Amino acid sequence: MSEQRLQEAIDTLKSSGVRITPQRHAVLEYLLNAMTHPTADDIYKALESKFPNMSVATVYNNLRVFREIGLVRELTYGDSSSRFDCNTSDHYHIICESCGKIVDFHYPKLNEVEALAEQVTGFTVSHHRMEVYGTCSECKAKTAH
Ligand SMILES: [Zn+2]
Ligand SMILES: [Zn+2]
């Protein structure tokens, strides 16, 4: 992760009037470094030794602030806990059915699908979501004998 991205994110927070506490800084830094789309719990576990007074609720509150400003996206998949994605550019996800890992991949936005959906239903489309599922290479290696 580039220091520049962290600095840009901090500038965005500052210009939105958000105070940068050490915990907030740490959560942001962790998110920008994580390519794994962590849950609030993952972030909490990674940072709890550094911030013994921090609670999962604090992590959640920070994530909510980041989401409202547009620094992160919250991903919800069924009933499992939300995951957070600091890659806010258009991309799709492939999800491992064994370990739950989420990996980004890029593909041109499927504008035709949105246009078709509008035509067929009369809705005004705001966005779409697509997920691809499978088994990641690590899980495949584990099960291969
Ligand atoms: Zn896996
Ligand atoms: Zn992503």
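By convention here, each chain's residues receive numbers from 1 onward along its written sequence. All chains are assigned letters beginning at A, and all ligands numbers beginning at 1, according to the order in which they are written. Given that the model is predicted, a residue must reach a pLDDT of at least 70 before its local features are reported, and side-chain atom pairs must reach 80 or more before they are shown or counted; all residues, however, enter totals for whole chains, interfaces and linings.

Caption draft 1: Highlighting the overall build of the chain. Segments assigned H or I by DSSP are reported as helices when at least four residues long, segments assigned E as strands when at least two residues long, and all are numbered from the N terminus. A tally of helices and strands in the chain yields six helices and five strands. N-terminal to C-terminal, the α/β element order of the chain is α-α-α-α-β-β-β-β-α-β-α. With the C-alpha coordinates aligned to their principal axes, the bounding extent of the chain is approximately 50 × 50 × 30 Å. Within the chain, the proportion of its 145 residues that are buried is 14%. Here, residue contact means that the backbone-derived C-beta atoms of the two residues sit within 7 Å. Residue pairs at least 24 apart in sequence account for 48% of intrachain contacts in the chain once pairs closer than 6 positions are excluded. Working definition of burial: number of other C-beta atoms within 10 Å of the residue's own, with buried at 20 or more, exposed at 12 or fewer, and partly exposed in between, all C-beta atoms being placed from the backbone.

Caption draft 2: Just the pairing of strand β3 (residues 92–96), in detail. The pairing of β3 with strand β4 (residues 102–105) spans four bridges and is classified as antiparallel. Bridged to I94 within β4 is V103. One requirement defines pairing of two strands: DSSP has to find at least two bridges between them. Between β3 and β4, which pair antiparallel and follow one another directly, the connecting turn spans five residues, one of which, G100, has a positive phi of 80°. Pairing between β3 and strand β5 (residues 131–134): four bridges, direction parallel. Residue C96 lies in a different strand from β5, and its bridge partner there is G134.

Caption draft 3: The environment of A46, seen in detail. As for its placement among the helices and strands, A46 is situated in helix α3 (residues 40–47). Its 16 C-beta neighbours within 10 Å are what place A46 among the partly exposed residues.

Caption draft 4: Examining the domain arrangement of the chain more closely. Note that domain bounds follow an automatic or database assignment of domains. Split by domain assignment, the chain resolves into domain 1 (3–85) and domain 2 (92–143). If you average the C-alpha positions of domain 1 and of domain 2, the two centres end up 23 Å apart.

Caption draft 5: Spotlight on the sheet that holds β4. Judged by pairing direction, the sheet is mixed, and its three strands sit side by side in the order β4-β3-β5 without closing on themselves. Each edge of the sheet is formed by a strand with only one pairing partner; in this case those strands are β4 and β5. Adjacent strand axes in the sheet meet at a mean angle of 25° when their direction is disregarded. Axes here refer to lines fitted to C-alpha atoms; in helices the fit is confined to the stretch in contact. Angles between the N-to-C directions go from 0 to 180 degrees.

Caption draft 6: Expanded view of the nonpolar core. A set of buried Ala, Val, Leu, Ile, Met, Phe, Trp, Tyr and Cys residues, joined through C-beta atoms within 7 Å, is what we mean by a nonpolar core. Counting residues in each nonpolar core, the largest one holds 14 residues, and the members touching the most others are L31, V59, L63 and V72. Setting aside chain neighbours within four positions, we find V72 in contact with L31, L63, F66, R67, F84, D85 and C86.

Caption draft 7: Up close: α3. Inspection of α3 places A40, I43 and Y44 among the buried residues, and these make up the whole buried set. End-on, the buried residues of α3 take up no more than an arc of 100°, which puts them together on one face. If you follow the buried residues of α3, they end up packed against α2 (22–33) and α4 (56–69). By definition, the arc is the one covered by directions from the helix axis to the C-beta atoms.

Caption draft 8: Seen up close, unusual backbone geometry. Of note in this structure, H37 is not a glycine but carries a positive phi near 55°. Residue class for H37 comes out buried when judged on the 24 C-beta atoms lying within 10 Å of it.

Caption draft 9: Geometry of the packing of α2 against α4. Between α2 and α4, the least distance of the axes is 10 Å, while the angle of their chain directions is 70°. In terms of axis orientation, α2 runs roughly perpendicular to α4. Regarding α2 and α4, the two cross each other, and that crossing is right-handed. Judged by residue contacts, Q23, R24, V27 and L28 of α2 engage T58, V59, N62 and F66 from α4. Under this grouping Gly is polar, as are all residues other than the nonpolar Ala, Val, Leu, Ile, Met, Phe, Trp, Tyr, Cys and Pro and the charged Asp, Glu, Lys and Arg. The residue makeup of the contact of α2 with α4, split by class, is four nonpolar, three polar and one charged. Roughly parallel refers to an angle under 35 degrees, roughly antiparallel to one over 145, roughly perpendicular to one between 65 and 115, and oblique to any angle outside these ranges. By convention, the crossing between two helices is left-handed when the near helix turns anticlockwise from the far helix through less than a right angle, and right-handed when the turn is clockwise.

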